[in-house]
Amino acid sequence: MASIFEKGKQEKVYPFLLRYLKADLKTDAKFQVVISVPKRKFKKAVDRNRIKRLIREAVRKKKYILEDGIESEGQQLALFLIYTASEEETYQRILNKIEVLFLRLVEKKD
């Protein structure tokens, strides 16, 4: 995971910071994602867990964008998704921003 921060690239779409790296994963999955919500901004675990749950659901719904974009190249991605907002966003906004983020990632293809 440390190599994502050392060698990886990043993409920003408020309220997210996405660090990513093309890597050989130990699974058949096209990508693996780690979701982080900072304890510094959300003191209560219930709040952090709710935001993570919303993000996981948004990633699940929009994962086809990444899978279709990566499929042609036969590569795998390691993703580290950091929630940077200091307030909880609505699910619809999170869903839209995840979609924008994934579309940007597929467009770059570097």
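Caption draft 1: The sheet that holds strand E1 (residues 9–13), seen in detail. Read from one edge of the open sheet, four strands run E1-E2-E4-E3, paired in mixed fashion. At either end of the open sheet lies a strand with only one pairing partner, and these are E1 and strand E3 (31–36). Put simply, the sheet's adjacent strands are angled 20° from each other on average, direction ignored. Relative to strand E2 (residues 16–22), E1 is paired through five bridges, and the arrangement is antiparallel. In the strand pairing of E2, Gln-10 is matched with Arg-19.

Caption draft 2: Focus on the side chain of Glu-11. Following the sequence through the fold, Glu-11 ends up in strand E1. With relative accessibility at 8%, the residue Glu-11 sits in the buried group. At 3.0 Å, the side chain of Glu-11 forms a polar contact with the side chain of Arg-104. Within the structure, Glu-11 has its side chain in polar contact with the side chain of Lys-108 (distance 2.9 Å). In this view, Glu-11 contacts Phe-16, Leu-17, Leu-18, Tyr-20, Leu-101, Arg-104 and Lys-108; residues no more than four positions away in its chain are not counted.

Caption draft 3: Expanded view of the pattern of salt bridges. A complete count under the given rule lists six salt bridges for this structure. Between Glu-11 and Lys-108 there is a salt bridge, with its nearest N and O atoms 2.9 Å apart. Here Glu-11, found in strand E1, pairs with Lys-108, found in helix H3 (residues 91–108); they are 97 residues apart in sequence, far enough to count as distant. The shortest N-O distance in the salt bridge between Glu-57 and Arg-60 comes to 2.6 Å. Here Glu-57 pairs with Arg-60, and both are found in helix H2 (residues 45–71), just three residues apart, close to one helical turn. Under the relative-accessibility criterion, Glu-57 is labelled partly exposed at 28%. According to the relative accessible area criterion, Arg-60 is partly exposed, its value standing at 47%. The network of salt bridges with shared partners includes Glu-11, Arg-104 and Lys-108.

Conventions and cut-offs
Residues numbered from 1 in each chain as written. Predicted model: local features only at pLDDT ≥ 70, side-chain atom pairs only at ≥ 80, totals over all residues. Heavy atoms only, no water. Pairing = 2+ DSSP bridges. Helix = DSSP H or I, 4+ residues; strand = E, 2+ residues; numbered from the N terminus. Axes fitted to C-alpha atoms, helices over the stretch in contact; angles between N-to-C directions. Buried < 20%, exposed > 50% of the residue type's maximum accessible area, 1.4 Å probe, protein only. Polar contact = N/O pair within 3.5 Å; in protein donor to acceptor, adjacent residues only side chain to side chain. Contact = heavy atoms within 4.5 Å. Salt bridge = Lys/Arg side-chain N within 4 Å of Asp/Glu carboxyl O.

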